[in-house]
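Chains, contacts and geometry: an overview
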Amino acid sequence: QVQLVESGGGLVQAGGSLRLSCAASGRTFSRYGMGWFRQAPGKEREFVTAITWSGGSTSYADSVKGRFTISRDNAKNTVYLQMNSLKPEDTAVYYCAAARGPGYSTSTASFDSWGQGTQVTVSS
């Protein structure tokens, strides 16, 4: 199991930016992929982006492609989500997740540890 703590959420106007961070502990960080998911009120949790253990490969949901960037610093046991050109429809609780192995998929089933979530609210 991995302990994950997200930070960096908040309220921002449409068109603005936020940077989320997720600090990991409890397992060798560089051995597993990481992902970000989000859940809006009344909706299912959905995939946002993911990154492999080395950072060499990433994947993005179509809805955030070109606006969001995932990165990781294995020396700091931290994964980041840079969110630019935010839209009201990006409003959700954002969750950091650790994959079961070095890669990733877009399915929640491939992640076995989750953070508590951080709220992102984008006003129009």
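Scroll up to find the structure.
It should be emphasised that the depicted structure is a prediction, and the values quoted were computed from it without experimental measurement.

By the element assignment, Ser113 lies in strand β10 (residues 111-114). Only 3.2 Å separates the side chain of Ser113 from the side chain of Gln1, close enough to count as a polar contact. Of the polar contacts made by the side chain of Ser113, one reaches the side chain of Asp112; its length is 3.5 Å.

Mapped onto the elements, Trp53 comes out in the loop between β5 (46-51) and β6 (58-60). Since its relative accessible area comes to 43%, Trp53 is described here as partly exposed. For the pair Trp53 and Gly101, spaced 48 residues apart in sequence, the C-alpha separation works out to 8.3 Å. In contact with Trp53, other than residues within four places in its own chain, are Ser30, Arg31, Tyr32, Gly33, Arg72, Asn74 and Pro102.

Reading the values: rules and limits
Residues numbered from 1 in each chain as written. Predicted model: local features only at pLDDT ≥ 70, side-chain atom pairs only at ≥ 80, totals over all residues. Heavy atoms only, no water. Helix = DSSP H or I, 4+ residues; strand = E, 2+ residues; numbered from the N terminus. Polar contact = N/O pair within 3.5 Å; in protein donor to acceptor, adjacent residues only side chain to side chain. Buried < 20%, exposed > 50% of the residue type's maximum accessible area, 1.4 Å probe, protein only. Contact = heavy atoms within 4.5 Å.

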